[in-house]
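Topology and contacts: notes
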Amino acid sequence: MNYYREKRKAAYSQLQALNSQANGLVSVKLSESQGMGNLVAKIAYQRGTNKTA
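Residues numbered from 1 in each chain as written. Predicted model: local features only at pLDDT ≥ 70, side-chain atom pairs only at ≥ 80, totals over all residues. Heavy atoms only, no water.

1. Remarks on the overall build of the protein chain
The condition that has to hold: Helix numbering and strand numbering both begin at the N terminus, where a helix is a DSSP run of H or I of at least 4 residues and a strand a DSSP run of E of at least 2. With C-alpha atoms as the basis for the radius of gyration, the globule rule is written as 2.2 Å multiplied by the number of residues raised to the power 0.38. Accessible area is worked out with a 1.4 Å probe on protein chains only. A residue is then buried under 20% of its type maximum, exposed over 50%, and partly exposed in between. Surface exposure here means Shrake-Rupley accessible area, sampled with a 1.4 Å probe, where a residue is shielded only by the protein chains that are shown.
The number of helices and strands found in the protein chain is one helix and zero strands. Here the C-alpha atoms of the protein chain give a radius of gyration of 23 Å, more than 25% beyond the 10 Å that 2.2 N^0.38 yields for 53 residues. Oriented by its inertia axes, the alpha-carbon framework of the protein chain measures out at about 75 × 10 × 5 Å. By residue count, 0% of the 53 residues in the protein chain fall in the buried class. Of the accessible surface of the protein chain, which amounts to about 5100 Å², a share of 60% is contributed by carbon and sulfur atoms.

2. Observations concerning the pattern of salt bridges
Opposite charge on two side chains makes pairing possible when the charged atoms of those side chains draw close. Note the threshold: A pairing counts as a salt bridge when a side-chain nitrogen of Lys or Arg comes within 4 Å of a carboxyl oxygen of Asp or Glu.
Tallying each qualifying case throughout the model produces one salt bridge. Of the charged contacts in the structure, one is a salt bridge between K29 and E32, with a shortest N-O distance of 3.5 Å. Separated by three residues within a single helix, K29 and E32 lie in helix α1 (residues 2-52), roughly one turn from each other. Since its relative accessible area comes to 52%, K29 is described here as exposed. Classification of E32 by relative accessible area gives partly exposed; the value is 46%.

3. Things to note about the packing of aromatic side chains
Heads up, the condition is: Pairing of aromatic rings covers Phe, Tyr and the six-membered ring of Trp, with a centre-to-centre limit of 6.5 Å; geometry is then stacked below 30 degrees between planes, edge-to-face above 60, and tilted otherwise.
Summed over the entire model, instances satisfying the criterion amount to one aromatic pair. When the centroid spacing of 5.4 Å and the interplanar angle of 75° are considered together, the rings of Y3 and Y4 count as edge-to-face. According to the relative accessible area criterion, Y3 is exposed, its value standing at 53%. Classification of Y4 as exposed rests on a relative accessible area of 54%.

Written out as structure tokens, the structure reads:
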């Protein structure tokens with residue numbers, strides 16, 4: 001019984017570690033996509049103002 005309890009504990013801790021890694025990747029990708037969106041908006045704005053000038 002203790003063997004299975006230890007196996008469950010190990011699996012749970014590994015799951016938590018993988019979950020934290022996944023959350024880290026999500027936050028990096030989210031900030032990357034926000035930065036890309038800001039860049040695209042800035043370029044579109046510059047192109048729009050250059051055509052009217």
